[in-house]
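# Per-entry structural report
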Amino acid sequence: MVSVSHILILLIIAVAAVLFVTEKLRVDVTAMCVLAMLLIFQLIKPEQALYGFANTATATVAAMFVLSSGLVRTGLVDWLARHLDRFAGRGERRLILVLSITVAVLSAFIVNTATVAILIPVAVILAKSRKIAPSRVLIPLSFASQFGGVCTLVGTSTNILVNSMAVESGLKRFAMFEFAPLGIVLAIVGIAFLAVFSGILIPKRKGADEQLDKYRLADYLAEMRVTGGSTLVNKRWRDMMEKGIRDIDLIKIIRGDKATWRASATRIREDDCLLVHGNANDLMKMKNNFSLEMKADTVINDQKLRSDEIELIEALVPPRSRLIGRTLSSADYIRRYGCMVLAIQRRGKILRDRLVDINFDDGDTLLIQCDRESVKRIMKSQDLIVTNELTELHLRKNRAVTALAIFASIILLVTFNVLPILVAAIIGAVAMVLGRCITIEEAYKAIDWKVIFLLGGIIPLGLAMEQTGTAQWLADSMLHPLIECGPVAVLAFLYLVTAVLTSIMSNNASAVLLVPIALSAAEIMGVSARPFLIAITFAASTSFATPIGYQTNTMIYAPGGYQFADFARIGVPLNIIFWIITVLLAPIIWPF
């Protein structure tokens, strides 16, 4: 029988789903809204408000971020990535195989967003050196990181979350490599699929080399000649910023055969040519207001924005960047470096107007013009990843050996059931700091607080579903026709629903919603819940059909120059293959 609490839970789920899909709020803010609604409607007790933050999954995920950072910050992962060139051959298929196998192995143990962040510029450079479009290798890079993530208990935060929910329900915890039999099969099939079909299903995106074409900036750049009657003569650009040209950037001044790149501090002369960037309407107003002549016969391309001293780079805003949520004007360190942001690409959409007022989001790619020294400073920052340049390699050998020893010890302790994963992960995180593999400040920065607050807010929803009987009611009503068909049909349905939900909203949120239903269904049918939990875990941790379904997909979206449909073209068939294999093998490996 339907109760008021059932209806309230469903309404909260519906509101959360809309917010996740529309991205009106960040996922962590949405999770906090869910927690607030659960408390307002008294669906959980006040003392259970911190249930999500006190959950073993949340603490374990935080500790694993620190452990992964220890391997990354010592330069070990970067060092491994730099040695791929000798194995990658000269062909596209071999390059995809080498990148996919490497990232899959690394992602089985290291947070896959960190691994992909390091390998994006490596993949782009390797592809371009072989005259291969980066779009052909970046989707395989992202997908393979997800293949590796389902091979171990620590591969993804979703694995850890489902394990925690299972233990709290009285089930036996998952072993470190319990996912491996199915995960390795899926990884082999997935990598083979990418090697064979990437060339057919992933398009070569034009404009990957010519960045102005890629960002469609030609209409936002113009050359104007300063006439004798212009009020700009003998003025500095920076002194004129409040006189109608605040939204226009002066890129350089061309005087005769020479170009002045520190243009804003240079006095403008008659017959100077100004290369300017801005909205087309603003450019026309500037032309009329300051008596300038438009040079209509000028061809604007990448070389116009480059010189021996000046570079044109693409930089990705990664998860955990301090730029997220800030505007260009508030993140003034970009301008302090003498950099000019010409455009922003966000999930296939090009942003060129009023860039100063746009709030940065993770996955944004910025087209930046700056000098070589500024490029080096940006490449040392953790807030931006330069995708078309390789950072200098800094391998701290002693610390790298220490970090590797700590990480291997933790894996062994959990594998042989010496310590629970939470205890081992916390000990490992502390050892990384005490062993000076990372500083305590780097440890705090390594934790993806968005994921932590997402878990803290969304885990109580699963608790509320169990306490109010909503999970049992949904299992009875939603799965009743399938229950009569047997557990395999229920497993197939749970995988499918989880995969669809994950493609449009957070993977952890999808798992939290489906695990209580799976547990209730198993109880009704009198079968083991383990195969159901495996299906949910794998479906939530492997999302290929959309660029928003998984963080690594979002990260490679702009650098690859992809369109939304590119992911569906290769991702949907791969999702179906994984679905079929899981439905066939999960009941054999984990009998009902």
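For the structure, see preceding data.
Because the structure is predicted, anything quoted here is derived from the model rather than measured.

Analysis parameters
- Per chain, residue numbering runs from 1 following the sequence as it is written.
- Totals for whole chains, interfaces and linings use every residue, but because this is a predicted model, local features are given only for residues with pLDDT of at least 70 and side-chain atom pairs only at 80 or more, for both listing and counting.
- With hydrogens and water excluded, all non-hydrogen atoms of the structure serve as input to the side-chain values.
- A run of H or I in DSSP becomes a helix once it reaches four residues, and a run of E becomes a strand once it reaches two; helices and strands are each numbered from the N terminus.
- Think of it in three bands: residues with accessible area under 20% of the maximum for their type are buried, residues over 50% are exposed, and the middle band is partly exposed, with areas taken using a 1.4 Å probe on protein chains only.
- Two residues form a contact once any of their heavy atoms are found within 4.5 Å.
- We get accessible surface area from the Shrake-Rupley algorithm with a probe of 1.4 Å; when it comes to residues, only the shown protein chains can shield them.
- For Phe, Tyr and Trp, rings pair up if their centres lie within 6.5 Å, where Trp contributes its six-membered ring, and each pair is then called stacked (planes under 30 degrees apart), edge-to-face (over 60) or tilted (otherwise).
- Remark: a charge is flagged as sitting over a ring if the NZ atom of Lys or the CZ atom of Arg is within 6 Å of the ring centre and within 35 degrees of the ring normal.
- At least two DSSP bridges between two strands are needed for those strands to be called paired.
- Interaxial angle, 0 to 180 degrees, is taken between N-to-C directions of lines fitted to C-alpha atoms, where a helix line uses only the stretch in contact.
- Roughly parallel covers angles under 35 degrees, roughly antiparallel covers those over 145, roughly perpendicular covers 65 to 115, and oblique covers all other angles.
- A crossing counts as left-handed when the near helix is turned anticlockwise from the far one by less than a right angle, and as right-handed when that turn is clockwise.
- When residues are sorted by character, Ala, Val, Leu, Ile, Met, Phe, Trp, Tyr, Cys and Pro go into the nonpolar class, Asp, Glu, Lys and Arg into the charged class, and all the rest, Gly among them, into the polar class.
- Residues with no salt bridge and a relative accessible area higher than 30% make up the patches, which join like charges within 9 Å and nonpolar side chains (Val, Leu, Ile, Met, Phe, Trp, Tyr) within 5 Å.
- Salt bridge, as applied in this entry: a Lys or Arg side-chain nitrogen positioned within 4 Å of an Asp or Glu carboxyl oxygen.
- Relevant arc is that of directions from the helix axis to the C-beta atoms, nothing else.
- By nonpolar core we mean a set of buried residues, namely Ala, Val, Leu, Ile, Met, Phe, Trp, Tyr and Cys, connected to one another through side-chain atoms within 4.5 Å.

When you go through the protein residue by residue, the secondary structure sums to 24 helices and 10 strands. Counting over 592 residues, the protein shows a buried share of 57%. Taking the intrachain contacts of the protein between residues at least 6 apart in sequence as the baseline, contacts between residues at least 24 apart amount to 79%. A total of about 24100 Å² of accessible surface is found on the protein, and carbon and sulfur atoms cover 60% of it.

The next thing to look at is the environment of Val116. Structurally, the position occupied by Val116 is in helix H6 (residues 112-129). Sequence separation between Val116 and Thr552 is 436 residues; the distance between their C-alpha atoms is 6.8 Å. In this structure, Val116 is in contact with Val103, Leu141, Ser145, Thr552, Met555 and Ile556, ignoring residues within four places of it in sequence.

Scanning the model with the defined rule gives 12 aromatic pairs in all. Aromatic pair Phe109 and Phe177: ring centres 6.2 Å apart, planes at 70 degrees, arrangement edge-to-face. Taken together, the positions of Phe109 in the loop between helix H5 (92-107) and H6 and Phe177 in the loop between helix H8 (157-168) and helix H9 (180-201) put the pair 68 residues apart, joining distant regions of the chain. The interplanar angle of 70 degrees and the centroid separation of 5.5 Å between the aromatic rings of Tyr562 and Phe567 together place this pair among those described as edge-to-face. Here Tyr562 and Phe567 have matching classes, each one buried. Three or more aromatic residues joined by ring pairs form one cluster here, namely Phe143, Phe147, Phe544 and Phe578. The ring centre of Phe174 lies 4.2 Å from the NZ or CZ of Arg530, which sits over that ring.

On to the sheet that holds strand E5 (residues 292-294). Pairing within the open sheet is antiparallel, and its five strands lie in the order E3-E2-E4-E1-E5. Of all strands in the sheet, those with a lone pairing partner are strand E3 (258-260) and E5, marking the two edges. Going from strand to strand, the sheet's axes swing by 30 degrees on average, the running direction of each strand aside.

What follows concerns the pairing of strand E7 (residues 340-346). The buried count for E7 comes to six of seven residues, which makes it a mostly enclosed element. Pairing analysis gives five bridges linking E7 to strand E9 (residues 365-371), with the strands arranged antiparallel. Residue pairing in the sheet places Ala343 in a bridge with Leu367 of E9. In this sheet, strand E8 (residues 349-351) lies alongside E7 in antiparallel orientation, the contact comprising three bridges. The residue bridging Arg346 from the neighbouring strand is Lys349, located in E8.

Where H8 meets helix H22 (residues 530-541), the closest approach of the two axes is 9 Å, and the angle between their N-to-C directions is 155 degrees. Comparing their axes, H22 and H8 come out roughly antiparallel. For H8 against H22, the interelement crossing comes out right-handed. Facing Thr158, Asn159, Val162 and Ala166 of H8, the residues of H22 in contact are Leu533, Thr537, Ala540 and Ser541. Here the residues of the contact of H8 with H22 sort into four nonpolar, four polar and no charged.

Turning our eyes to something else, we now look at a nonpolar patch on the surface. On the surface, a cluster of nonpolar side chains totalling about 420 Å² of accessible area is made up of Ile440, Tyr444, Trp449 and Phe453. Taken together, the elements giving at least two residues each to the nonpolar patch come down to helix H16 (440-446) and helix H17 (449-467).

Note on placement: Lys450 falls in helix H17. Sequence-distant contacts of Lys450, that is, excluding residues within four places in its chain, are made with Arg26, Val27, Asp28 and Asp362.

Under the criterion given, the structure shown has 11 salt bridges. One salt bridge connects Arg530 with Glu178, and the closest N-O pair in it is separated by 2.8 Å. One end of the pair, Arg530, is in helix H22; the other, Glu178, is in the loop between H8 and H9, with 352 residues separating them in the sequence. Each member of the pair Arg530 and Glu178 is classed as buried. Salt bridges linked by common partners bring Arg225, Asp271 and Glu293 together as one network.

On to helix H13 (residues 372-380). For H13, the set of buried residues is Ser374, Val375, Ile378 and Met379. Each buried residue of H13 sits inside an arc of 140 degrees when the element is viewed along its axis, so together they form one side.

Let's shift gears to the environment of His83. Structurally, His83 can be placed in the loop between helix H4 (76-82) and H5. Remark: the alpha-carbon pair of His83 and Val122, spanning 39 residues in sequence, is separated by 10.0 Å.

With that settled, consider the nonpolar core. Nonpolar side chains in soluble globular proteins tend to end up buried together. In this structure, Leu38, Val137, Phe143, Phe147 and Leu461 are the most contacted members of the largest nonpolar core, which totals 144 residues. Element by element, the count of residues in this core is highest for helix H21 (residues 507-525), at 11 residues. Ignoring anything within four residues of it in the chain, the contact list for Phe147 reads Gly183, Ala187, Gly190, Ile191, Leu194, Phe544, Leu574 and Phe578.

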